[in-house]
Amino acid sequence: AKAAGGDRFVFYTREMTDRAETRLRLESGLREAVASRAFELVYQPKIEAAGGRLTGFEALIRWRHEGTAVSPADFIPVAEDTGLIIEIGRWVLEEACRTATRWALDHGPVPVAVNVSARQLADPGFARLVEQVLQRHGTPPNLLELEITETVIMKDVRHHLPTLNRLRDLGVRIAIDDFGTGYSSLAYLRQLPVDVLKIDRSFVNDLPHAPDIASTVIALAQRLLLSTVAEGVETAEQRHWLAEAGCDCLQGYLISRPLAAEAAEAMVMTAFAR
Ligand code: C2E
Ligand code: CA
Ligand code: CA
Ligand code: CA
């Protein structure tokens, strides 16, 4: 520490200490949460753009820590860094499969999508884990969809390809999340065993005034026989534009916020009631 600029030094040090402390608290809280299973899944519906029929749900993790909800955008990166994501991810997978199976038995089959992080996908045991979880819960594989962000897949396509192929062979559906935000090599995209492109919310947000990216993704998906889901649909104008443009499915606050399991189940029940 230098005497000159001492004030600044102290200021920065304190700020860094605060940040490090926050981070440590988060980390130890997360460890406890993993041990005590203090997480919950909420389920956001997806519907057909043409017609509005329920087509599935995305499972999103929730964590209440010291009385407040911590955003997954804040704690998932910490879970990634610490490796805790492996155990958290396993719990998410188990819980989503258990739920999808129960809904299928009680009401009817509705796929549930689970977010997969970089570290989970890179784990050599990941495909085997998915297989075991499906077996353990008697889950028909087509009820499970895995959402992997474009950045994660494309960062090391050749490394991930065997895992993706194994997952596809199990009969699990694969979606590329946040599509359009990374760099997809078109050559790779054609070779990848994927079923769904999820148009990133930022491009949906641009609708209807700046539709270039959304149009391009929909055209590309149609060309490659992939289905499209628009995420973050918030306005009737966006919904209308997407339906007209031939986007297959919609997800977003306009349709529904993520729901607690019971409320999501009520939607499933309604969808199959007649
Ligand atoms: P994501 O996978 O892109 O999920 C979409 C996020 O957008 C969710 O935030 C969802 O609640 C939110 N959202 C949905 N519709 C709208 C809308 O119309 N407008 C706006 N502004 N937002 C909308 P959430 O639940 O906070 O999750 C944030 C991110 O955290 C997710 O982004 C995903 O990357 C990660 N995440 C969430 N759950 C899990 C999980 O179980 N495992 C892993 N690995 N990551 C997760
Ligand atoms: Ca997602
Ligand atoms: Ca997304
Ligand atoms: Ca996102």
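Model, not experiment: these values are computed from the prediction.

Asker: Looking at this structure, how should I read the side chain of glutamate 27?
Answerer: Along the chain, glutamate 27 falls in helix 1 (residues 6–36). The contacts of glutamate 27, once residues within four sequence positions are left out, are Val78, Thr82 and Leu84.

Asker: Looking at this structure, how should I read the coordination of the calcium ion (ligand 3)?
Answerer: For a metal with four tetrahedral donors the ideal donor-metal-donor angle is 109.5 degrees, whereas six octahedral donors ideally subtend 90 or 180 degrees. Taken together, Asp177 (OD), Asp178 (OD), Glu231 (OE) and Glu231 (OE) make up the full set of protein donors to the calcium ion (ligand 3), lying 2.1 to 2.8 Å away. Each donor residue of the calcium ion (ligand 3) belongs to the same chain, with the gaps between them written as D-D-x52-E. Between the calcium ion (ligand 3) and the calcium ion (ligand 2), a separation of 3.8 Å is found, and both are coordinated by aspartate 177. Overall, the relative accessible area of 6% leaves aspartate 177 in the buried class.

Asker: Teacher, can you tell me more about the site of ligand 1 here?
Answerer: Near ligand 1, the surroundings consist of 20 residues, among which Gln44, Arg62, Asn115, Glu234 and Tyr253 are the closest. Glutamate 58 places a polar side-chain atom, nitrogen or oxygen, 3.3 Å from an oxygen atom of ligand 1. When the free accessible area of ligand 1 is taken as 800 Å², the share hidden by the protein chains comes to 83%. Counting residues per element, the ones that place at least two in the shell around ligand 1 are strand 2 (54–65), helix 2 (72–82) and strand 6 (173–179). Ranked by residue count, the leading element in the shell around ligand 1 is strand 2, at four residues. Among the residues making up the shell around ligand 1, the classes are represented as eight nonpolar, five polar and seven charged.

Asker: Just to check I follow, could you spell out the environment of valine 92 for this structure?
Answerer: Along the polypeptide, valine 92 turns up in helix 3 (residues 85–106). The class of valine 92 is buried, set by a relative accessible area of 9%. Residues valine 92 and valine 116 lie 24 residues apart in sequence; the distance between their C-alpha atoms is 9.5 Å. Excluding residues within four positions of it along the chain, valine 92 makes contact with Leu41, Ile61 and Val114.

Asker: Looking at this model, I keep getting lost on the coordination of the calcium ion (ligand 2). Mind explaining?
Answerer: For the calcium ion (ligand 2), the full set of protein donor atoms is Glu58 (OE), Asn115 (OD1), Glu147 (OE) and Asp177 (OD), at a range of 2.2 to 2.3 Å. Sequence positions of the donors to the calcium ion (ligand 2) reduce to the motif E-x56-N-x31-E-x29-D. We classify glutamate 147 as buried; its relative accessible area is 1%.

Asker: So what exactly am I meant to see when it comes to the packing of aromatic side chains here?
Answerer: Overall, the coordinates contain seven aromatic pairs when judged by the stated rule. Pairwise contacts between aromatic rings join Phe39, Trp63, Phe75 and Trp91 into one cluster. Stacked on the ring of tyrosine 253, the Lys or Arg arginine 257 has its end atom at 3.7 Å from the ring centre.

Procedures and definitions
Residues numbered from 1 in each chain as written. Chains lettered and ligands numbered in written order. Predicted model: local features only at pLDDT ≥ 70, side-chain atom pairs only at ≥ 80, totals over all residues. Heavy atoms only, no water. Helix = DSSP H or I, 4+ residues; strand = E, 2+ residues; numbered from the N terminus. Contact = heavy atoms within 4.5 Å. Donors = N, O, S within 2.8 Å, 3.2 Å for Na, K, Ca; no water. Buried < 20%, exposed > 50% of the residue type's maximum accessible area, 1.4 Å probe, protein only. Near = heavy atom within 4 Å. Polar contact = N/O pair within 3.5 Å; in protein donor to acceptor, adjacent residues only side chain to side chain. Areas by Shrake-Rupley, 256 points an atom, 1.4 Å probe, with all protein chains shown as cover. Nonpolar A, V, L, I, M, F, W, Y, C, P; charged D, E, K, R; others polar. Phe/Tyr/Trp six-rings, centres within 6.5 Å; stacked < 30°, edge-to-face > 60°. Lys NZ or Arg CZ within 6 Å of the ring centre and 35° of its normal.

So, to be careful, I would describe these as geometric facts and stop short of saying anything about function.
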